[in-house]
Structure formats: C-alpha cells, structure tokens
Amino acid sequence: MKIELINSEKSKIKNDLEIVVLKNLKSIKDDKRKQLEKLGFDAKEAQSCFLENKLYIGSTSLSGEDLKIAFSNAIRILNKTKYKKILIELVSNKKELNLETLVEGLVLGSYKFTKYKSQQIKDSKEISIDIKDSKISKEDLEKQLKKSLDISTSVNLVREIVNTSPEDFYPKVMAKKAKEIASENNLECKVYDEKYLEKNGMNAMLAVGRASRHESQLIHLTYKPKKPKGKVLIVGKGLTYDAGGLSLKSGTGMVSMKCDKSGGAAVLGVMNSISKLDFEYEVHGIIGAVENMIGGDAYKPDDILKAKNGKTIEVRNTDAEGRLVLADCLCYAQDEISDIDYIFDIATLTGACIIALGEYTTGVMGHSEKLKKKMTKAAKQSGELIGTLPYNRYLPSMLKSEIADIVNSTASKAGASITASLFLDNFIKKENKNKWLHLDIAGAAYREKTWGYNPYGGTGAGVRLLLKFIENIK
Ligand code: BES
Ligand code: ZN
Ligand code: ZN
C-alpha cells in the first residue's frame, strides 16, 4: 500500500474509488441520502455501502479509535476488490480528519499475515489523501504522515515476528533481527550467548533454555541521541516458544505459544521507530530470547536456581518461566545501566491477566501511582487498552519458599498476575522501585480473531503505548 498526500487544486488525479466515512447521513445531499437509505445504510459503526464510485463507511465518531476502526474496515473491504487508486478527502463537510489517526487505521487495518500461504497476493493499492482546505500546512501534514507510517510499520513488523512459526523464529533469529534493526537505525546492538549467561550468574534464564536445541540469547539494543535528557529501559520476554517445560502445557494450552515472544518483539518494534522519531531520551531495549522445552536436560520443578542478583528461587512450575528469564534480564539491565529514569518490562506473563482484565487489555503493575497514571495517559492517547492491577501488603508472602528465598509459582492461582509481578519486584533495585512498571500483554498481544484494526494473531501490543509514553516525557 502506498499513501501520498495530494492537493486536488493543483493536481487532477484520477481515482477508481473514494472512501467516505460518516457518522450520520445529515451532510449527504437529499437524492444520495435517499439512495443510501434505500440500500439500508444509516452510517452505524461497521456498516458499509458501495454507491457509484464511493465506498461509504459508518462510524460512531470521526476521531480517535472510531476513525481508526472505520478506515481499517474500509481498507479490509477494498483489499478484497480490484480498486487500485483510492481517494480520501482530509476535509469533508468542513470537518478535518486527523491524518495520523486515519493513516494508522489504514496501515494497521490492512495488515494480513500471508508468509505461509502458497499464493501470495501483492498489495498494490495506491491511496491519495486530498489535503485541500486543510488548516495544517503541507509540510506539517507530510511530517504527520511520515510519523504515523513509521509507527504503524513497526507495529506490523512486530505482528509479523510474533506470527512467524517457532521453527523459523528462534532465539538466534531474534538476535539476527535485532542486528538488522540496529544497522538500519544506527543503534548499538550487543548479543550475548549462553557462555556469557553462565559467566555472569544468569542461571535462572539459563535454566529455562537448557532443554532447547536453540541457544538462548541476551539481546541489548541502544539508541543514543546527541544530548540525552535521561534513560529509558525496556526489557522484553522473548520466549520464542513456551511448551511449558516439564510442567508441560496441555494440547490446547500450547497452541499459539509462539506468541510468548511478543514482549521481546515489542521491544524490537519500539527500537525500530525510536531513531526515526528523534526522541531525546537514551533508550535501551533488552530481550531475553529463550525457548522453553522438555527433554532429559530440562530444568525441573524442585530445582533451586540462583539469579544474577544472588537471590535463590525454588522452581515449583517450569511453565512460570517468563519471570525467571525476566529476573536475570532485569538484573542485567540495572547492573549495566546507571541513572535510570524509567524501567519497564513487557511480557506475555500470565494467563490470569486475561481472566482479570479480559482479552484485549494490558495489565499494568508497579509501586508508583504517579507512573501508572502517566502510562494510563499514554494508553488513552495511543489507543492501546490498559488496566492497572493493585499490589497490597499481604500478597508478597504468597511467594515465600521454605527452602529458598522465593518460589517461582504460588500454590494458589488467586491474583496470579499480581504475584507474578511481585516476583519480578525481587529483582528491581531499591533505587528503581518507583521507576519501574510491569506490563502483562498475555491477552493484548495475540488473539485468534480480528478485533477492531487488530488482525488474527499478533497485534503489536506495547509498541504504540511505549512510544507515546516516551514521547510524552521528552
Ligand atoms: N506464557 C505463559 C502465559 C500466557 C498464557 C501467555 C496465555 C499468553 C496466553 C506463561 O509462561 C505461563 O505459562 N504462565 C502460567 C503461570 C503459572 C504456571 C503460574 C499461567 O499463566 O498459567
Ligand atoms: Zn509458561
Ligand atoms: Zn511463557
């Protein structure tokens, strides 16, 4: 799909079809309105109607998420047709649509995972957005277009990574992808293998990947602007497959566990956009890329692991592996980088998060109410859904172990997303407690259905949210 801005006063372009988004039929001339009504179109959300050379789309409103969903509906309909040159008027009936929102809807809505289809369909749509009558200068609109394309393209990149089969996307492939992103975006990229993990006491992460034929990789990407105003760290769970380990998942529970790399993939998505967006903060993206499998060499329930910070962990369930990988990665991040302003981890950590907040919502946990508020603001602005889950003084005791410092999985499933987060809290240094948030994207990152502008499969959850958060602090 190509998107360009045009000014119809200067250029007379020919188009095959125009997309018209409406929240009601008031602005439509009498005869057209009657025709549309006759066809059963009354501009309600998700309604669509072809009439002459126009595709009419109904929408609850002409802004925000409504607008994104409307344009994503439009492009999905058009992708099933042969219309090639498509026109959108930025200002119609005196109402100016937000260009960034509109473009996000188009790009996110048009994504489809076709990598493994024997027949590839070429996306050859040409979208012209007519900016005549806009109150914003062409230069600023071009900037908006570029920004929106950069971000949406990164979201689609994350979706592609998440959807790729675990046979094709394993830890070393993740490291290769990180290096590619680094060289395209002028980022630093360091990749460490298992020898490094061993040498540096990262035994929790090491244990999780032991039964896999794929070597675990610790990936560290850095974006350094000229005069950084501060430092943001993002640590991602990159489980390229989670079979559950010896505490093996059920047949149905295992399906879709290629999605367990979504946190790491989101880190790649953020890093892929950051330099293009001229952020003034130094941003570090750290990924623990590991595969959790079974075998004679697998780590076991009853094992005691010593993490990088010296804490000992009694393994009660090998399927609670993400927190073990993150524990060491969080230690690595805080040992290697000083004077941190913000530290986030992002992970498909617990099924319980889906039970608590529903399928689409990211769970946000942390000590600082102020920080959670800032993340909530970024969520509203970016269009991602988040919900906060509260700590309390009683829950940490659920992680007590009789024989080690803590257990990796609590005896009761009650509040399991919160106790998982409290497990991670054991690996956050005192000085960073109020700078840290944990994002559980177990539901939001991957769904086996389409919802809004999100396709079947990977959604790219976390990318727009974190980019907006960073943009807000700059
Ligand atoms: N990767 C899973 C969590 C998950 C579940 C992600 C569903 C996406 C969809 C995680 O490693 C896991 O297995 N968690 C266990 C933890 C339990 C053993 C304490 C879970 O949620 O059941
Ligand atoms: Zn697991
Ligand atoms: Zn997992």
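Residues numbered from 1 in each chain as written. Chains lettered and ligands numbered in written order. Predicted model: local features only at pLDDT ≥ 70, side-chain atom pairs only at ≥ 80, totals over all residues. Heavy atoms only, no water.

**Digging into the sheet that holds strand 18 (residues 406-407)**
Working step 1: With mixed pairing, three strands are arranged side by side in an open sheet as 13-14-18. The open sheet is flanked by strand 13 (304-306) and strand 18, the only strands paired with a single partner.
Working step 2: The pairing of strand 13 with strand 14 (residues 312-314) spans three bridges and is antiparallel. In the sheet register, leucine 305 faces strand 14, and the bridge partner there is isoleucine 313. (Pairing = 2+ DSSP bridges. Helix = DSSP H or I, 4+ residues; strand = E, 2+ residues; numbered from the N terminus.)

**What to know about the packing of aromatic side chains**
Working step 1: Considering all chains together, one arrives at eleven aromatic pairs under this definition.
Working step 2: Judged by centre distance (5.1 Å) and plane angle (80°), the rings of tyrosine 342 and phenylalanine 469 are edge-to-face. Taken together, the residues tyrosine 342 in strand 15 (residues 342-347) and phenylalanine 469 in helix 14 (residues 463-473) connect sequence positions 127 residues apart. Each of the two residues, tyrosine 342 as well as phenylalanine 469, counts as buried. (Phe/Tyr/Trp six-rings, centres within 6.5 Å; stacked < 30°, edge-to-face > 60°. Buried < 20%, exposed > 50% of the residue type's maximum accessible area, 1.4 Å probe, protein only.)

**Focus on the sheet that holds strand 2 (residues 17-22)**
Pairing between the strands of a sheet comes from backbone hydrogen bonds, and it takes one of two forms, parallel or antiparallel.
Working step 1: With respect to topology, six strands assemble into an open sheet ordered 1-8-5-2-4-3, the strand pairing being mixed. Two strands close off the open sheet at either side, each with one partner strand: strand 1 (2-6) and strand 3 (48-51). If you compare each strand with its neighbour and ignore which way they point, the axes differ by 25° on average.
Working step 2: With five bridges joining them, strand 5 (residues 85-89) and strand 8 (residues 126-130) adopt parallel strand pairing. Along strand 8, the bridge assignment pairs isoleucine 88 with isoleucine 129. (Axes fitted to C-alpha atoms, helices over the stretch in contact; angles between N-to-C directions.)

**Here's the deal with the coordination of the zinc ion (ligand 3)**
Each pair of donors in an ideal octahedron of six around a metal sits at 90 or 180 degrees, and each pair in an ideal tetrahedron of four sits at 109.5 degrees.
Working step 1: Note on the zinc ion (ligand 3): its protein donors are Lys237 (NZ), Asp242 (OD), Asp260 (OD) and Glu321 (OE). The metal-donor distances range over 1.9 to 2.4 Å.
Working step 2: Metal-centred angles of 76 to 172° between the six donor atoms at the zinc ion (ligand 3) mark the site as octahedral.
Working step 3: Along the chain, the residues donating to the zinc ion (ligand 3) fall in the pattern K-x4-D-x17-D-x60-E.
Working step 4: A separation of 3.2 Å is found between the zinc ion (ligand 3) and the zinc ion (ligand 2), both of which receive a donor from aspartate 242. (Donors = N, O, S within 2.8 Å, 3.2 Å for Na, K, Ca; no water. Tetrahedral: all angles 85-135°; square planar, octahedral: opposite > 155°, others 65-115°.)

**A look at the coordination of the zinc ion (ligand 2)**
Working step 1: At 2.0 to 2.2 Å from the zinc ion (ligand 2) lie its protein donor atoms, namely Asp242 (OD), Asp319 (O), Asp319 (OD) and Glu321 (OE).
Working step 2: Bound by six donor atoms, the zinc ion (ligand 2) shows angles of 71 to 168° at the metal and therefore irregular coordination geometry.
Working step 3: Here the donor residues for the zinc ion (ligand 2) map to a single chain with the spacing D-x76-D-x1-E.
Working step 4: With a relative accessible area of 0%, glutamate 321 lands in the buried category.

**Digging into the packing of helix 2 (residues 64-78) against helix 3 (residues 99-110)**
Working step 1: At a closest axis distance of 7 Å, the pairing of helix 2 and helix 3 adopts a crossing angle of 45°. In terms of orientation, helix 2 lies oblique with respect to helix 3. In the crossing of helix 2 with helix 3, the sense of the turn from one axis to the other is right-handed. Across from Gly64, Leu67, Lys68, Phe71, Ser72, Ile75 and Arg76 in helix 2, the residues of helix 3 making contact are Thr101, Leu102, Glu104, Gly105, Leu106, Gly109 and Ser110.
Working step 2: Of the residues contributing to the contact of helix 2 with helix 3, the split by class is five nonpolar, six polar and three charged. (Parallel < 35°, antiparallel > 145°, perpendicular 65-115°, else oblique. Left-handed = near helix turned anticlockwise from the far one by under 90°. Contact = heavy atoms within 4.5 Å. Nonpolar A, V, L, I, M, F, W, Y, C, P; charged D, E, K, R; others polar.)

**So, the site of ligand 1**
Working step 1: With respect to spatial proximity, 16 residues lie near ligand 1, and among them Lys249, Asp260, Asp319, Glu321 and Gly351 are the closest.
Working step 2: Contact between ligand 1 and glutamate 321: an oxygen atom at 2.8 Å from a side-chain N or O atom of the residue.
Working step 3: Starting from 520 Å² of accessible surface for ligand 1 in isolation, the protein chains cover 84%.
Working step 4: In this structure, ligand 1 is accommodated by the second largest pocket.
Working step 5: Put simply, the parts of the chain that give the shell around ligand 1 at least two residues each are strand 11 (231-242) and helix 11 (351-357).
Working step 6: Looking at the shell around ligand 1 residue by residue, the class counts come to four nonpolar, five polar and seven charged. (Near = heavy atom within 4 Å. Polar contact = N/O pair within 3.5 Å; in protein donor to acceptor, adjacent residues only side chain to side chain. Areas by Shrake-Rupley, 256 points an atom, 1.4 Å probe, with all protein chains shown as cover. 1 Å grid on protein atoms, 1.4 Å probe; cavity = no way out; pocket = protein on both sides within 12 Å on 5 of 7 lines; lining within 4 Å. Sits in = over half its atoms within 2 Å of the grid points.)

**Here we look at the domain arrangement of the protein**
Working step 1: Parsing the protein into structural domains produces domain 1 (2-131) and domain 2 (152-472).
Working step 2: Each partner contributes residues to the interface: domain 1 has 13 residues there, and domain 2 has 18 residues.
Working step 3: Taking both sides of the interface into account, the surface hidden between domain 1 and domain 2 amounts to around 1400 Å²; carbon and sulfur atoms contribute 56%.
Working step 4: Along the contact surface separating domain 1 from domain 2 lie one salt bridge.
Working step 5: Two residues, glutamate 104 and arginine 464, come together in a salt bridge whose shortest N-O distance is 2.7 Å.
Working step 6: Viewed at the interface, domain 2 and domain 1 are joined by eleven residue pairs in polar contact (both at pLDDT 80 or more).
Working step 7: Looking at the side of domain 1 that touches domain 2, the elements that each hand over two or more residues are helix 2 and helix 3.
Working step 8: Broken down by element, the side of domain 1 that touches domain 2 gets its largest block of residues, five residues, from helix 2.
Working step 9: Split by residue class, the side of domain 1 that touches domain 2 holds six nonpolar, two polar and five charged. (Domains from an automatic or database assignment. Buried area = accessible area lost by both parts, 1.4 Å probe. Salt bridge = Lys/Arg side-chain N within 4 Å of Asp/Glu carboxyl O.)

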